[in-house]
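Structure at a glance
As a plain string of letters, each chain reads:
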Amino acid sequence: MNYEYVETQSQLNALCDRLRSESYIYFDTEFVSEDVYLPDLCLVQISAGDILAIVDPKRVDDMNVFWDLIANGDHVSVVHSGREEFLFCYRATGKPPANLFDTQIAGGLIGMEYPASFGNLILRLLDEKLPKGETRTDWRVRPLSSRQIEYALNDVAYLGPAARELEKELDKLDRSAWMQEEMASWQEALIESTQRARWRNVSGTGSLNRRALAVVRELWKWRDKKASAANIPARRILRDDLIAELAKRKSANVKQIRAIRGMQRSDLNRYFEEIAEAIQIALDLDDADCPSSQPNWNQGKQYVVLGQFLSAALGSICREAKVAPSLACTVQDVRDLVAYHIDGAPEAPSLAQGWRAEVIGKTIEELLDGSLVVRIGDPRAVEPLAFDRRSDQG
């Protein structure tokens, strides 16, 4: 493949000048995230018009000229499974990529597997089999081999043809509006994830009381600061399960902290006093300053049973409607909708809004009120479940 290798600031500036006239910009990134606090950007691959380029962020002084272009242009930004591409742009500019189109999401909206790998997407849409072999490569190492460069370029060389096929199918199914809606909500969720109190994501803490949650919050803040300063994953400082156990015990006594199984790691010895101080901050808070527990609107046994039953039925509905079930909803989403209709949960869940309400929400309502029933149709069929409207319902 003929391509440009951009490794100076002047080359990047010139490339961006040319990209400004393009109506579609297809891009992908290679990064390393396993041993760093935030993903380390190692390559940016770009395709647009007759441009095929690799930008080397390790040699370019300032990547913001590219991210500013992506965020502020009139073009359509096309990615595949673009969570990290979105976040690289958002962290650099405070804005999302302009007119973002994610081929993985588009595939789910036309009934393809979700989440589909790029290789599977290309095989399904274009009948091309992409080479594998570089998925575990360390993209920080220079120089890059020709095989690594070819692998990286394939991710954008085929992105344009795939996106065009997906756009055709979305238009054919009259789902372009669904795609816009899904991209908007997906981006809003990513932005919200960068702004919300991330300490609530610590696993194993959902059932803790307010004082214990205060301990979780203080330990998370301490851990996050340490991890950021050292540029290492937060879990390497202190694992989630240890934070949860420390919160349950609510003790700032160093001897008791040291006695917890898993706290005997030699690299934790230097942190015991700091951990104790963080816990003490939480213990000294007024009750009113402790974080509230998250309301559990859908934890009853009836929600578990209904969620499992309805999810099985709705899998058939989604496949019949040519929508990937895993994109449309989870078991938890179904429980949320059941709680919303039965107990009046305060906010309309995802299945009661937008295209999901059209495809799924209405069916759940009809199943709950008995106007629609589900039965086994042909047990040998790929979709063995059948839905019938009760004759006494009109």
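Right, let's walk through the structure included here. Computed from a prediction, not measured in an experiment: that's the story for all the values here. (Residues numbered from 1 in each chain as written. Predicted model: local features only at pLDDT ≥ 70, side-chain atom pairs only at ≥ 80, totals over all residues. Heavy atoms only, no water.)

**A short note on the overall build of the protein chain**
- A tally of regular secondary structure across the protein chain gives 16 helices and 8 strands.
- Within the protein chain, the fraction of its 394 residues that count as buried is 45%.
- Accessible area of the protein chain: about 20,300 Å², with a carbon and sulfur share of 47%.
- Charge centroids of the protein chain, computed over 49 positive and 60 negative side chains, lie 7 Å from each other. (Helix = DSSP H or I, 4+ residues; strand = E, 2+ residues; numbered from the N terminus. Buried < 20%, exposed > 50% of the residue type's maximum accessible area, 1.4 Å probe, protein only. Areas by Shrake-Rupley, 256 points an atom, 1.4 Å probe, with all protein chains shown as cover. Lys, Arg positive; Asp, Glu negative; His and termini not counted. Charge placed at Lys NZ, Arg CZ, Asp CG, Glu CD.)

**Quick word on the sheet that holds strand β4 (residues 51-55)**
- Pairing is mixed in the open sheet, where 6 strands are placed in the order β1-β4-β3-β2-β5-β6. A single partner strand is all that each edge strand has here, and the edge strands are β1 (4-6) and β6 (100-102). Across the sheet, the axes of successive neighbouring strands diverge by a mean angle of 25°, strand direction being ignored.
- Taken together, the 3 bridges between strand β2 (residues 24-32) and strand β5 (residues 76-79) define a ladder with parallel strand orientation. The residue bridging Tyr26 from the neighbouring strand is Val78, located in β5.
- Its contacts with the sheet place helix α7 (residues 159-172) against β2, β5 and β6, and it is angled at close to 120° to β2. (Pairing = 2+ DSSP bridges. Axes fitted to C-alpha atoms, helices over the stretch in contact; angles between N-to-C directions. Contact = heavy atoms within 4.5 Å.)

**Some remarks on the packing of helix α13 (residues 301-320) against helix α16 (residues 354-368)**
- α16 packs onto α13 with a crossing angle of 135° between their chain directions and a minimal axis gap of 11 Å. Looking at the two axes, α13 sits oblique to α16. Regarding α13 and α16, the two cross each other, and that crossing is right-handed. Counting all contacts with α13, which are made through Leu310, Leu314, Ile317 and Cys318, the residues of α16 involved are Val359, Ile360, Thr363, Ile364 and Leu367. (Parallel < 35°, antiparallel > 145°, perpendicular 65-115°, else oblique. Left-handed = near helix turned anticlockwise from the far one by under 90°.)

**As for the pattern of salt bridges**
- Per the counting criterion, the structure on display carries 22 salt bridges.
- With its nearest N and O atoms 2.9 Å apart, the salt bridge here joins Arg142 to Asp56. Here the residue Arg142 occupies a position in the loop between α5 (118-126) and α6 (146-157), and Asp56 occupies one in the loop between β4 and α2 (64-72), the gap between them amounting to 86 residues.
- Asp56 gets classed as buried once you look at its relative accessible area, which sits at 0%.
- Connected through shared salt-bridge partners, Glu7, Asp56, Arg59 and Arg142 make up one network. (Salt bridge = Lys/Arg side-chain N within 4 Å of Asp/Glu carboxyl O.)

**As for the side chain of Arg211**
- With respect to the helices and strands, Arg211 occurs in helix α9 (residues 210-230).
- Not counting chain neighbours up to four residues away, the residues in contact with Arg211 comprise Lys250, Ala282, Leu283, Asp284, Leu285, Asp286, Asp287 and Cys290.

**As for the state of the cysteines**
- Under the definition given, this model contains 0 disulfides.
- Cys318 takes part in no disulfide bond, and the closest cysteine sulfur to it belongs to Cys329, at a distance of 5.1 Å.
- With relative accessibility at 1%, the residue Cys318 sits in the buried group.
- Relative accessible area serves as the criterion here: at 14%, Cys329 is assigned to the buried category. (Disulfide = S-S within 2.5 Å.)

**Thoughts on helix α15 (residues 331-342)**
- A rise of 1.5 Å per residue sets the reference length of α15, with its 12 residues, at 16 Å; its end C-alpha atoms lie 16 Å apart and thus fit the reference within 8%.
- Listing the buried residues of α15 in full gives Val334, Arg335, Leu337, Val338 and Ala339.
- Close packing links the buried residues of α15 with α13 and α16.
- Two residues or fewer past α15, Gly344 is found with a positive phi of approximately 70°. (Expected span 1.5 Å × (residues − 1).)

**Regarding helix α8 (residues 176-195)**
- With 20 residues, α8 ought to run about 28 Å at 1.5 Å a step, and its terminal C-alpha atoms sit 29 Å apart, in line with that.
- Within α8 the residues assigned to the buried category are Trp178, Met179, Glu182, Met183, Trp186, Gln187, Leu190 and Ser193. The buried residues of α8 all sit within an arc of 155° when viewed along its axis, so they share a single face. Of the exposed residues in α8, the ones pointing more than 90 degrees away from its buried face are Ala177, Gln180, Glu188 and Gln195.
- Each element contacted by the buried residues of α8 is listed here: α3 (83-93), β6, α4 (103-109), α7, α14 (325-328) and α16. (Arc of directions from axis to C-beta.)

**Some thoughts on the packing of helix α1 (residues 9-19) against α2**
- The contact between α1 and α2 brings their axes to 9 Å, and the two run at 10°. One way to sum up the angle between α1 and α2 is to call them roughly parallel. Crossing of α1 over α2 shows left-handed handedness. Here Gln9, Leu12, Asn13, Cys16 and Leu19 of α1 come into contact with α2, specifically with Val65, Phe66 and Leu69.
- Of the residues in the contact of α1 with α2, the class split is 6 nonpolar, 2 polar and no charged. (Nonpolar A, V, L, I, M, F, W, Y, C, P; charged D, E, K, R; others polar.)

**Let's talk about the environment of Arg261**
- As for its position among the elements, Arg261 is in the loop between α11 (254-259) and α12 (272-283).
- Sequence spacing of Arg261 and Val359 is 98 residues, and the spatial spacing of their C-alpha atoms is 49 Å.

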